[in-house]
Structures are given as C-alpha cells and as structure tokens.
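The primary structure of each chain is shown beneath.
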Amino acid sequence: MAATKNKPKLSPAARAAVIIVALGADEASNVYKFLREDEIEMLSLEVAKLSRLSQEDLQEIVDDFYGLCVTQKVISEGGIIYAKDVLEKAFGAEQAGDYIKRISSAMQTRPFDFIRKANYRNLMMMIQNETPQTIAFILSYAKADQASHIIAELPKETQLEVVRRIATLESVSPEIVQIVEQVMERKFSTIVSQDMAEIGGVNYVADIMNHTDRATEKHIFDELNKQDPELSENIRKLMFVFEDLVLLDDMSIQRLLREVDTQDLAVAIKGSNEEVKNILLSNMSSRARDNLITDIEYLRNVRMRDVEEAQQRIVGIVRALEESGEIIISRGEEDEIIA
C-alpha cells in the first residue's frame, strides 16, 4: 500500500490522455472531432508524454472515468437526490459522494457566460457608458484577452479606476450577480446576438467584389489603387478574378474547361492577357485547341462588356467548383497544398 501512496498522481489532463489511449485510435479519432484545436493539441502532448502504466493503474483510471460518465447521466436524467441513491448502491457512499461533487461542480454554469462568447467590440459597446464599478464587475467575469482589449480602449482616467476596482472586488451574493447578469444580457441582446458574426471588414468587401460585375469591379479597384493601394491589395488577396486562373494547377484548369461554354471561353480569351490565354489553351486537346483558336480568330468587334460578362461567368464556375471542393485555389505562400 505504501508504494501506491507514493506513486506520483497523474494530472487531470494526463488521466484524460490515458482514456484516449485506452479507447484505441478509431474511437479516439471520433472523440477528437468534438474537441477544439487547443484541446486536441493538449491531449496529444499528454499522450506523447505518457510513460508505461501498470494494468492496475490503467483499470483504476478507466473505472473512474466510467463512474463519472454514469454519474453525469444519472444526475441529468433524475436529479441529485435520485443520483445519490443510485450511485451509492452502485459504488458505495464515499465513492458516490466524490462523483456527485465532481460532476455537480463541472455542470454548474458560470455567471455571465454570454460575455465570454462575445466579441470584445460588442462588449465594449455594452459597457462603455457604465460606471467604473459596473465595468470592473463585468470584466471580472470576462476572459483576460477581452478585458485587456476593453481596458486599453477606455479613457485614461477610467482605466486605472477599473483596474483598481477589479483588484479589490469582494464577494457578491449570487442573487445580486443574477440580477446584474439578467439586466446586462438584455442590454447586450439589443446590441448583437451572441453568435452574430462580425459585420463589414476586408473579408466582407472581398465577398461583395466576388459577386459584382467585372466593370464595377475594375472601376472600384482602379480608384482604390490610387487612393489606398494597400487596402486594394488586401482585398484582392481574398478574392478570385479572371486573371487569377494562372493560380490554378493543370488538373483544376482541365476540370474547369469541362464546365465552360465554348462561346464564353472564346470571348473571354479574346480580351485576356497572353498568360491566361496560354494556360487555358495548353490544357486542351489539340483538336479542341485548334477549334477554339479558329473561333477566336473569327470574332470581330467584340464589346468589352461582353468580354467582361463572359469572364465573370467563368469566374463564377471557378468559385462554384472551389465551394464544392472539386478544385483548390492557392492564394499565396500560406496556402501550402499537399498532393
């Protein structure tokens, strides 16, 4: 028994890693689907660090995990009193009490949970006109990164007062916490719903530009290049235009050509640069290429508007193929593609 007591106690993360190992690769991979990236990284690290466990230690951790799972299920379905009776019969009074205490603590909802899910800008809108005392009280329930962003944007004279009040906050009764939480949640709901995505921004502009006609797109970028070249470049990086066909690999070009109308292709190439023209023609069979070149040569007096519309239809096909996962568009060095 003495040896057992002297054994180093595994951390909760290490015990979770033991369960992952005990589940086996197939079942563990299914569990990973429900975890956040940081949780997967933490668990994987713990799995890698695990030293050899005795069968006795492994069985103890698995049994404990099973007991906690059963406890949560029984509490959820029948309540604490019912769970106490069932679990005492199954595990004994002491073990049942430990399970109930651990699960009840984990199942409790932390106050102001909606705040921790909020974008800090929306949170700032909600509290910016509150007193330093109220701001400090709310930020004490926020995540550290949210609080730091908000404090940085507060007026200088308010920053110190808010920090001081957070540091000296004393215990507040659950009733008061609940009242303040309800009031602030109602106020927050009038500003933005908890799961609302950020509005506007460069990503949104790029999406708009992806759906506008070529003439409007060209005009906006011509003007934007003069006024704000950096913004123009940032938007372009997030969208796909006809000239970006050169970013596609040969297989993607060939897949695209199967969907494009021949007449659209001829008109689009008529107004394209040589690089785009060459990559399209080089991915066609000799017969199809000769026919298309003939069609292009016979085109006379093509309006620029017709060229832009044809190119826009082809771009629309590219976007549809990308959305369906049939092709991949490489948008720079950060988009590394593994064949």
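In this report, the structure presented in the accompanying data block is examined. (Residues numbered from 1 in each chain as written. Predicted model: local features only at pLDDT ≥ 70, side-chain atom pairs only at ≥ 80, totals over all residues. Heavy atoms only, no water.)

### A look at the overall build of the protein
Scanning the protein from N- to C-terminus turns up 20 helices and zero strands. When each of the 339 residues of the protein is scored for burial, the buried share is 31%. Long-range contacts, defined here as pairs at least 24 residues apart, represent 72% of the contacts in the protein between residues at least 6 apart. Carbon and sulfur atoms make up 53% of the accessible area of the protein, which totals about 22,500 Å². (Helix = DSSP H or I, 4+ residues; strand = E, 2+ residues; numbered from the N terminus. Buried < 20%, exposed > 50% of the residue type's maximum accessible area, 1.4 Å probe, protein only. Contact = heavy atoms within 4.5 Å. Areas by Shrake-Rupley, 256 points an atom, 1.4 Å probe, with all protein chains shown as cover.)

### Details of the environment of aspartate 264
Within the fold, aspartate 264 resides in helix α17 (residues 262-270). Put simply, aspartate 264 and arginine 313 are 49 residues apart on the chain and 7.9 Å apart in space, counted from C-alpha to C-alpha.

### Some words on the packing of helix α10 (residues 144-153) against helix α11 (residues 156-167)
Their axes nearest at 9 Å, the elements α10 and α11 cross at an angle of 145°. For α10 against α11, the interelement crossing comes out right-handed. Taking contact as the criterion, the partners of Ile151, Ala152 and Glu153 in α10 are, on α11, Gln159, Val162, Val163 and Ile166. A class-by-class count of the residues in the contact of α10 with α11 yields five nonpolar, one polar and one charged. (Axes fitted to C-alpha atoms, helices over the stretch in contact; angles between N-to-C directions. Left-handed = near helix turned anticlockwise from the far one by under 90°. Nonpolar A, V, L, I, M, F, W, Y, C, P; charged D, E, K, R; others polar.)

### Some details on the nonpolar core
Ranked by internal contacts, the top residues of the largest apolar core, which has 29 residues, are Phe242, Leu245, Leu248, Leu256, Leu265, Leu280 and Leu292. Ranked by the residues each element gives to this core, the list is headed by helix α20 (residues 304-323), at six residues. The contact partners of leucine 265, leaving out residues within four places of it in the chain, are Leu257, Val260, Leu280, Met284, Leu292 and Ile314. With 17 residues, the next largest nonpolar core counts Leu123, Ile127, Leu139 and Ile151 among its residues. (Core = buried A, V, L, I, M, F, W, Y, C linked by side-chain atoms within 4.5 Å.)

### What to know about the pattern of salt bridges
Within this structure, the stated rule accounts for nine salt bridges. The shortest N-O distance in the salt bridge between arginine 164 and glutamate 161 comes to 2.8 Å. In this pair, arginine 164 and glutamate 161 both sit in helix α11, three residues apart, roughly one turn of the helix. Of the residues examined, arginine 164 reaches a relative accessible area of 44% and is grouped as partly exposed. Residue classification places glutamate 161 among the partly exposed residues on the basis of a relative accessible area of 22%. Across the salt bridge formed by glutamate 161 and arginine 165, the nearest N and O atoms sit 2.9 Å from each other. Of this pair, glutamate 161 and arginine 165 both sit in helix α11, separated by four residues, roughly a single helical turn. Looking at arginine 165, the relative accessible area reads 28%, which means it is partly exposed. Connected via shared salt-bridge partners are Arg15, Glu60 and Asp64. (Salt bridge = Lys/Arg side-chain N within 4 Å of Asp/Glu carboxyl O.)

### Brief notes about α10
Buried residues of α10: Gln146, Ala147, Ile150 and Ile151, and no others. Down the axis of α10, the sector holding all buried residues measures 125°, keeping them to one side. Residues of α10 that are exposed and angled more than 90 degrees away from the buried face: Ala144 and Ala152. (Arc of directions from axis to C-beta.)

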